[in-house]
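Inside the fold
Chain by chain, the residues run as shown.
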Amino acid sequence: MNNKSSTPVTGFVIVIASIAALAGLLFGYDTGVISGALLFFRKTFALNATQIECVVSAVLAGAFLGSLTSGHLADRYGRRSLLLVIALLFAIGSLVSAYSTTVLILIGGRFILGLAIGVGSYVAPLYISEISPPEVRGALVSLNQLAVTLGIVLSYAIDYAFADKVNGWRYMLGLGVIPGIILFIGMMFLPRSPRWLVSRGKLEEAKKLLKKIRQKTRVTQEINAILESNQYESQRNWHLLLKKWVLPALLIGFGINIFQQITGINTIIYYAPTILKIAGFHQASTAILATVIVGTVNVLFTIFALPLLDRWGRRPLLIGGLICMTASLFYLGFAFGHQASHASLLKWLALLSMVAYIAGFAVSLGPIAWLLPAEIFPLAIRGLAMSVAVSCNWLFNFLVAMSFLTLIQTLHPSGTFTLFGALSVLALIFVYFFVPDTKGVSLEQIEENLKAGVPIRRLGEQP
Ligand code: BGC
């Protein structure tokens, strides 16, 4: 990951980013594992539909609350401390779920996991962003999203492997304990964020760390820039969040998070087999086929996007990916509307559209909805602001997941996908007018631009 400037990224920074990204792996694993596990625990506990919904949504509710309420903790106690706490929560939540003897305990275990997922979903990108040199920050932060996609595929594989075993669901839910423990042990050896250290007045520790992870010539310059941008420590709270100069950052942070969900990603991630069944794949093997294809394409295109985030920039990927998502959604809407006339072709075209949609998401809103918020908020309230913006992501994740089947019934698949297509057009307009490219620019420069009132689209530019 060397680049043309004098700051090649050190191996240590890559190790730090990879360990922190285990939080992403657990996010993917614990959200993905439930679809397979529920087929079995519903029998063990003889659950009705409402109880199943409670188990499934416990994670999303926990993630919403976890992300919403923990931001000030990330600013006060630091990103690393929070990652240590959630590693423990991941381990505890997995064990409670695996050993649950009643549905209430199961819901409790999944809620604990949700809290950990919600906190980790923004603290891991934030921590990696603050430790990365600007030239490769896009790829390093997005290792977290790559880990999310790998976690989803891993969960499908584990579900498949334990499907025939006695009490298989307990293993499916319990195995998350392993990455949780690795995350905990790994984080014990990792440093605190240099930017957070400066913000808490621990200048010497920050300097020592930067000397270890940067080329010597850059350390003083970087420390001075962080110090300069850290003049707001007396206002480390909601007041600063509502300052006029912070509003563009809030618009970007909230907008990109909400659009990541309302453009329908989890209708495909959670319901791909259902959609393909409606399209005409009736065999039981279709469910497996759909999940394998969707999961693999998601991983592969995320890998494809990683180097491009820092080479092409965030905007071209967002715009290209969104165009692909929009076209696929409108096509799905059209195809379901004309189902009768070409039924046998439809199912293949539907599968192809889903694949194109996932590929578009994986190069755009997938990684960038986590990357941008980790870059644009001012240091003094970075944790708080990102936590609130990310809680919207979880809220809309929940709303879309809960309403999809009802939408299919009321609007028909054709109307439903056309609706998501229209929302993707809005996302495209939003990105075009309001999203800056933050490629290669330091976090401090972005903050300086915000304070200087630079127009929103140019917040990522050097003076
Ligand atoms: C989203 C999740 C989604 C996953 C799929 C994440 O960035 O936040 O809602 O399931 O990507 O890869």
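Quantities reported herein were computed from a predicted structural model and do not represent experimental measurements.

Let us now look at helix α4 (residues 49-69). Taking 1.5 Å of rise per residue, the 21 residues of α4 would be expected to cover 30 Å, and the 30 Å separating its terminal C-alpha atoms lies within 8% of that figure. At Ser57, α4 is bent by approximately 40°, the largest bend along its length. The elements touched by buried residues of α4 are α2 (22-32), α3 (34-44), α5 (71-76), α7 (103-131), α16 (265-279) and α22 (382-434). Measuring from the side-chain oxygen of the N-cap residue of α4 to the backbone nitrogen of Thr50 gives 3.2 Å; that N-cap residue is Asn48.

Right, let's talk about the packing of aromatic side chains for a bit. With the rule as written, the count across this model stands at 14 aromatic pairs. Aromatic side chains Phe162 and Tyr171 sit 5.2 Å apart centroid to centroid with 10° between the ring planes, which places their arrangement in the stacked category. A residue is classified by how much of its surface remains accessible, and Phe162, at 19% relative accessible area, is buried. Look at Phe301 and Phe304: their rings are 6.0 Å apart centre to centre, the planes differ by 70°, and that puts the pair in the edge-to-face class. Taken together, the positions of Phe301 and Phe304, both in helix α17 (residues 285-311) and 3 residues apart, correspond to about one turn of that helix. Owing to a relative accessible area of 32%, Phe301 belongs among the partly exposed residues under this scheme. Among the aromatic residues, those joined into a cluster by ring pairs are Tyr271, Phe336, Phe404 and Phe417. The cationic tip of Arg315 hangs over the ring face of Tyr432; the distance from NZ or CZ to the ring centre is 5.6 Å. Residue placement shows Arg457 over the ring face of Tyr432; its charged tip is 5.7 Å from the ring centre.

With that settled, consider the site of the ligand. Around the ligand, the surrounding shell holds 13 residues, and the nearest of these are Gln145, Gln260, Asn266, Asn298 and Trp370. At a separation of 2.8 Å, an oxygen atom of the ligand approaches a polar side-chain atom of Gln145. Within the side chain of Gln261, a nitrogen or oxygen atom sits 3.0 Å from an oxygen atom of the ligand. Contact with the protein chains hides 98% of the accessible area of the ligand, taken as 310 Å² for the molecule alone. Placement of the ligand is best described as lying within the largest cavity. For the shell around the ligand, the secondary-structure elements that each account for two or more residues are α8 (137-162), α15 (247-262), α16 and α20 (365-371). Examining the composition of the shell around the ligand, we find that 3 residues originate from one element, α8, more than from any other. Residues that form the shell around the ligand fall into these classes: 5 nonpolar, 8 polar and no charged.

What counts, and at which threshold
Residues numbered from 1 in each chain as written. Predicted model: local features only at pLDDT ≥ 70, side-chain atom pairs only at ≥ 80, totals over all residues. Heavy atoms only, no water. Helix = DSSP H or I, 4+ residues; strand = E, 2+ residues; numbered from the N terminus. Expected span 1.5 Å × (residues − 1). Bend = angle between axes of the 7 residues up to and from the residue. Contact = heavy atoms within 4.5 Å. Polar contact = N/O pair within 3.5 Å; in protein donor to acceptor, adjacent residues only side chain to side chain. Phe/Tyr/Trp six-rings, centres within 6.5 Å; stacked < 30°, edge-to-face > 60°. Buried < 20%, exposed > 50% of the residue type's maximum accessible area, 1.4 Å probe, protein only. Lys NZ or Arg CZ within 6 Å of the ring centre and 35° of its normal. Near = heavy atom within 4 Å. Areas by Shrake-Rupley, 256 points an atom, 1.4 Å probe, with all protein chains shown as cover. 1 Å grid on protein atoms, 1.4 Å probe; cavity = no way out; pocket = protein on both sides within 12 Å on 5 of 7 lines; lining within 4 Å. Sits in = over half its atoms within 2 Å of the grid points. Nonpolar A, V, L, I, M, F, W, Y, C, P; charged D, E, K, R; others polar.

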